[in-house]
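These are the residues of each chain, in order.
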Amino acid sequence: MQHVPYTPERISVALGLCVVMLATLPRYMAGGHEARQTLIIIALMVVAFVAAAQWRLLSPEARQKLPGLLKRLTAMMLLGMVIMGGWHALLTDWISWQVFISHGATLGVLMHTLSLWWAGERRPS
């Protein structure tokens, strides 16, 4: 069996990375880090381009899986926001909303990726 380098799961993770990069922009804007902000924007454009190119290579059956994966990604991001909100409320001094959305989005994509990996490990080959 040949391994396909593009799957709807990888595209959902790539789109999640785009959301994380967008969520970090306010943090760098508030801190006055223009060089980092520019690098994040360049990386965002590259990842979005690669995700779009991979989407075009998907079969119609694989494309039909993507909306469900994006709903899963959205749910994980919302859960990440809730967890990070609780974490910051209980265990840290409140930093700023920019750090909160950055941390929440990052945790959400991490949970989404780990859940996809775990589901793949449990699926029979």
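Residues numbered from 1 in each chain as written. Predicted model: local features only at pLDDT ≥ 70, side-chain atom pairs only at ≥ 80, totals over all residues. Heavy atoms only, no water.

Here we take up the overall build of the protein chain. The secondary structure content of the protein chain amounts to four helices and zero strands. Counting helices and strands in the order they occur from the N terminus, the protein chain gives α-α-α-α. Expressed along its principal axes, the backbone C-alpha trace of the protein chain runs to roughly 50 × 30 × 20 Å. Taking the contacts inside the protein chain whose residues are at least 6 apart along the sequence as the reference set, 74% of them involve residues at least 24 apart. Total accessible area on the protein chain is roughly 8,300 Å²; 70% of this is exposed by carbon and sulfur atoms. The protein chain carries 10 positive and 5 negative side-chain charges, and their two centres are separated by 7 Å. (Helix = DSSP H or I, 4+ residues; strand = E, 2+ residues; numbered from the N terminus. Contact = heavy atoms within 4.5 Å. Areas by Shrake-Rupley, 256 points an atom, 1.4 Å probe, with all protein chains shown as cover. Lys, Arg positive; Asp, Glu negative; His and termini not counted. Charge placed at Lys NZ, Arg CZ, Asp CG, Glu CD.)

Turning our attention to the environment of S59. Relative to the assigned elements, S59 resides in the loop between helix 2 (34-57) and helix 3 (60-91). On the accessibility criterion, S59 (32% relative accessible area) is partly exposed. Spatially, the C-alpha atom of S59 lies 10 Å from that of Y6, the residues being 53 residues apart in sequence. (Buried < 20%, exposed > 50% of the residue type's maximum accessible area, 1.4 Å probe, protein only.)

With that out of the way, let us pick up the nonpolar core. Core analysis: the largest hydrophobic core is formed by six residues, namely V20, A23, L73, M77, A105 and V109. Elements with a minimum of two residues in this core: helix 1 (8-31), helix 3 and helix 4 (97-122). With residues near it in sequence (within four places) discarded, M77 still touches G16, V19, V20, G104, A105, G108 and V109. (Core = buried A, V, L, I, M, F, W, Y, C linked by side-chain atoms within 4.5 Å.)

Following the sequence through the fold, A105 ends up in helix 4. A sequence separation of 88 residues divides A105 from L17, and the C-alpha atoms of the two residues are 8.9 Å apart. Ignoring any residue separated from it by four or fewer positions in sequence, one finds A105 in contact with V20, A23, M77 and M81.

Viewed as axis vectors pointing N to C, helix 1 and helix 3 meet at an angle of 40°, and their least axial separation amounts to 9 Å. Here helix 1 is positioned oblique relative to helix 3, judged by the angle of their axes. Note on packing geometry: the crossing formed by helix 1 with helix 3 is right-handed. Along its contact with helix 1, which presents P8, E9, I11, S12, L15, G16, V19 and V20, the element helix 3 presents A62, K65, L66, L69, L70, L73 and M77. Residues belonging to the contact of helix 1 with helix 3 are distributed by class as follows: 11 nonpolar, two polar and two charged. (Axes fitted to C-alpha atoms, helices over the stretch in contact; angles between N-to-C directions. Parallel < 35°, antiparallel > 145°, perpendicular 65-115°, else oblique. Left-handed = near helix turned anticlockwise from the far one by under 90°. Nonpolar A, V, L, I, M, F, W, Y, C, P; charged D, E, K, R; others polar.)

With 93% of its residues at a pLDDT of 70 or more, the protein chain shows a mean pLDDT of 91. Confidence scores differ between elements of the protein chain, with helix 4 showing the lowest mean pLDDT of 90 and helix 2 the highest of 96. (pLDDT = per-residue confidence, 0-100.)

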